[in-house]
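# Residue-level structural notes
Spelled out, the chains give:
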Amino acid sequence: ESLKSLPTGVEVEIYSDSLYVVKTMKNDWRRMTNLHLWKQVDEAAKGKSITWNWIKGHNGHPEQERADKLAKKAMRQKG
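If you're wondering where the values come from, they're calculated on a predicted model, not measured in any experiment.

Leu3, Val12, Ile14, Val22, Met25, Trp38, Ala44, Ala45, Ile50 and Trp52 together form the largest nonpolar core, which totals 10 residues. At three residues, the largest contribution of residues to this core is made by helix H3 (residues 35-45). Ignoring anything within four residues of it in the chain, the contact list for Ala44 reads Leu3 and Lys4.

This paragraph deals with the environment of Ile55. With respect to the helices, strands and loops of the structure, Ile55 is situated in the loop between strand E2 (49-54) and helix H4 (62-78). Overall, the relative accessible area of 14% leaves Ile55 in the buried class. Between the C-alpha atoms of Ile55 and Tyr15, which are 40 residues apart in sequence, the distance is 6.4 Å. Setting aside residues no more than four positions away along its own chain, Ile55 makes contact with Tyr15, Ser16, Asp17, His61 and Gln64.

So, on to the environment of Ala44. Within the secondary structure layout, Ala44 lies in helix H3. Spatially, the C-alpha atom of Ala44 lies 17 Å from that of Lys23, the residues being 21 residues apart in sequence.

Here is what the cut-offs are and how they apply
Residues numbered from 1 in each chain as written. Predicted model: local features only at pLDDT ≥ 70, side-chain atom pairs only at ≥ 80, totals over all residues. Heavy atoms only, no water. Core = buried A, V, L, I, M, F, W, Y, C linked by side-chain atoms within 4.5 Å. Buried < 20%, exposed > 50% of the residue type's maximum accessible area, 1.4 Å probe, protein only. Helix = DSSP H or I, 4+ residues; strand = E, 2+ residues; numbered from the N terminus. Contact = heavy atoms within 4.5 Å.

Read these as layout, nothing more, since geometry by itself doesn't imply function.
This is how it looks when you write it as structure tokens:
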């Protein structure tokens, strides 16, 4: 959803602890499942210059730890 909200033409760096997501978006791995979701990501990424970066999860990286906490909080609120 955040990627969708960015204007066309921006340069952005995305960090993920999902090697699957990063390798797939860099075209290192093939898409085998959830093709409808990949289509949504591709659409959101269209017209943007994106650098995809992998970061090891739960390794003490401050931004990754914060993102993890926010995601867990959002899931609890969603119920």
